[in-house]
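# Examination of the molecular architecture
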Amino acid sequence: AQSVTQPDIHITVSEGASLELRCNYSYGATPYLFWYVQSPGQGLQLLLKYFSGDTLVQGIKGFEAEFKRSQSSFNLRKPSVHWSDAAEYFCAVGGGYNKLIFGAGTRLAVHP
Amino acid sequence: NAGVTQTPKFQVLKTGQSMTLQCAQDMNHEYMSWYRQDPGMGLRLIHYSVGAGITDQGEVPNGYNVSRSTTEDFPLRLLSAAPSQTSVYFCASARMGNTEAFFGQGTRLTVV
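A few points on the structure. Every value quoted in this text rests on a predicted model; they were computed, and no experiment measured them. (Residues numbered from 1 in each chain as written. Chains lettered and ligands numbered in written order. Predicted model: local features only at pLDDT ≥ 70, side-chain atom pairs only at ≥ 80, totals over all residues. Heavy atoms only, no water.)

Right, let's get into the overall build of chain A. Broken down by element type, chain A carries zero helices and 12 strands. Overall, chain A shows an N-to-C arrangement of helices and strands of β-β-β-β-β-β-β-β-β-β-β-β. Taken over C-alpha atoms, the radius of gyration comes to 13 Å for chain A, in line with the 13 Å a tight globule of 112 residues would show. With the principal axes as the frame, chain A shows a C-alpha extent of 40 × 30 × 20 Å. Going through the 112 residues of chain A one by one, you find that 46% of them count as buried. Expressed as a percentage of contacts within chain A between residues at least 6 apart in sequence, the contacts between residues at least 24 apart total 52%. Accessible surface, chain A: about 5,300 Å² in total, of which carbon and sulfur atoms supply 48%. Positive and negative side-chain charges in chain A, numbering 9 and 8 respectively, have mean positions lying 7 Å apart. (Helix = DSSP H or I, 4+ residues; strand = E, 2+ residues; numbered from the N terminus. Rg over C-alpha atoms; globule rule 2.2 N^0.38 Å. Buried < 20%, exposed > 50% of the residue type's maximum accessible area, 1.4 Å probe, protein only. Contact = heavy atoms within 4.5 Å. Areas by Shrake-Rupley, 256 points an atom, 1.4 Å probe, with all protein chains shown as cover. Lys, Arg positive; Asp, Glu negative; His and termini not counted. Charge placed at Lys NZ, Arg CZ, Asp CG, Glu CD.)

Our next topic: the sheet that holds strand β7 (residues 64–66) of chain B. Residue and element names in this part refer to chain B. Read from one edge of the open sheet, four strands run β1-β3-β8-β7, paired in antiparallel fashion. Pairing within the sheet leaves two strands with one partner each, and these edge strands are β1 (4–7) and β7. Each adjacent strand pair in this sheet contributes to an overall mean axis angle of 20°, direction not counted. In this sheet, strand β3 (residues 19–25) lies alongside β1 in antiparallel orientation, the contact comprising four bridges. (Pairing = 2+ DSSP bridges. Axes fitted to C-alpha atoms, helices over the stretch in contact; angles between N-to-C directions.)

In the structure shown here, the tally under the stated rule is seven salt bridges over all chains. A salt bridge links Asp-38 of chain B to Arg-36 of chain B; its shortest N-O distance comes to 2.9 Å. The exposure classification of Asp-38 of chain B matches that of Arg-36 of chain B, with both residues buried. A cluster of three or more residues bridged by salt bridges with shared partners is formed by Glu-64, Glu-66 and Arg-77 of chain A. (Salt bridge = Lys/Arg side-chain N within 4 Å of Asp/Glu carboxyl O.)

Tallied over the entire structure, the rule returns one cavity of 30 Å³ or more. Roughly 50 Å³ of volume is contained in the largest cavity. What lines the largest cavity is Tyr-97 and Asn-98 of chain A together with Tyr-31, Met-32, Ser-33, Tyr-48, Ser-49, Ala-92, Ser-93 and Ala-94 of chain B. Mapped by element, the contributors of at least two residues to the lining of the largest cavity are β4 (31–38), β5 (42–51) and β9 (87–94) of chain B. For the lining of the largest cavity, a count of residues per class yields six nonpolar, four polar and no charged. (1 Å grid on protein atoms, 1.4 Å probe; cavity = no way out; pocket = protein on both sides within 12 Å on 5 of 7 lines; lining within 4 Å. Points joined across faces, edges and corners; volume = space filled by probe spheres on them. Nonpolar A, V, L, I, M, F, W, Y, C, P; charged D, E, K, R; others polar.)

So, on to unusual backbone geometry. Look at the link from Thr-7 of chain B to Pro-8 of chain B: it is a cis peptide, with omega at -10°. Looking at the element boundaries, Pro-8 of chain B is found in the loop between β1 and β2 (10–13). Phi is positive for Ser-72 of chain A, which is not a glycine, with a value near 50°. Structurally, Ser-72 of chain A is set in the loop between β8 (64–68) and β9 (73–78). A positive phi angle, near 60°, is found at Asn-28 of chain B, a position not held by glycine. Here Asn-28 of chain B lies in the loop between β3 and β4.

With that settled, consider the interface of chain B and chain A. Often, the extent of an interface is quoted as the loss of accessible area on bringing the components together. Each partner contributes residues to the interface: chain B has 19 residues there, and chain A has 21 residues. Counting each side, the surface lost to burial between chain B and chain A is near 1,700 Å², with a carbon and sulfur contribution of 56%. In this assembly, chain B and chain A are joined by zero salt bridges. At the boundary of chain B and chain A, one finds three residue pairs in polar contact (both at pLDDT 80 or more). Those elements that place two or more of their residues in the side of chain B that touches chain A are β4, β5 and β9 of chain B. A per-element tally of the side of chain B that touches chain A places β5 of chain B first, with five residues. Residues of the side of chain B that touches chain A, tallied by class, amount to 11 nonpolar, seven polar and one charged. (Buried area = accessible area lost by both parts, 1.4 Å probe. Polar contact = N/O pair within 3.5 Å; in protein donor to acceptor, adjacent residues only side chain to side chain.)

Our next topic: the nonpolar core. Counting residues in hydrophobic clusters, the biggest one holds 27 residues, and the most contacted among them are Leu-19, Trp-35, Leu-47, Leu-48, Phe-74, Leu-76 and Tyr-89 of chain A. For this core, the secondary-structure elements that each account for two or more residues are β2 (10–14), β3 (19–21), β5 (32–38), β6 (44–50), β8, β9, β10 (87–94) and β12 (106–111) of chain A. When residues in this core are grouped by element, the largest group, four residues, is from β10 of chain A. With 19 residues, the next largest nonpolar core counts Leu-21, Phe-74, Leu-76 and Ala-81 of chain B among its residues. (Core = buried A, V, L, I, M, F, W, Y, C linked by side-chain atoms within 4.5 Å.)

Okay, here's the thing in structure tokens:
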């Protein structure tokens, strides 16, 4: 069955610290992978996507993610977190017709 | 450029009432879809469309109807609202070919 797992429901980091949000997927074919961010009361904004090619992808707001086929993972990283990064982050895998399967999300809190 | 527009932003319904959530996009995207977001479950696909006149069911279609008479519009109908349909609903659109999905701001629906 196709699925996305985000093992961490809630993460708290200090401002300026590094961040890694985990994402594991189960998908039969070559996956299209996405990370979205959702601020409170807002819609979803795309941070980055992986379709093919270089397995390290750069996104907006200083985020990057690495696709590891052997581990079925697509973890999101940021070297130095800002207070404005506090939000909920969703990993998703895209199937045919752009049908997205989302993980349950990771809520990030940033301490000053 | 409006992108994906959802109306209304908030709605309270009584059990058994019907209503239509509106979604419009001005990007001439072929693909449109509806998701519901529930705490701890991420977003789940309700229905999707690959073009005018073509719709299909997603993961959680029961209790919802859709139609797509134009490229721009993709309304979601609740036939007889139930408390289990209390959720935040997101509409998304994308160009053909598994590209980035653009999301609306969401409709928060409460069924009492």
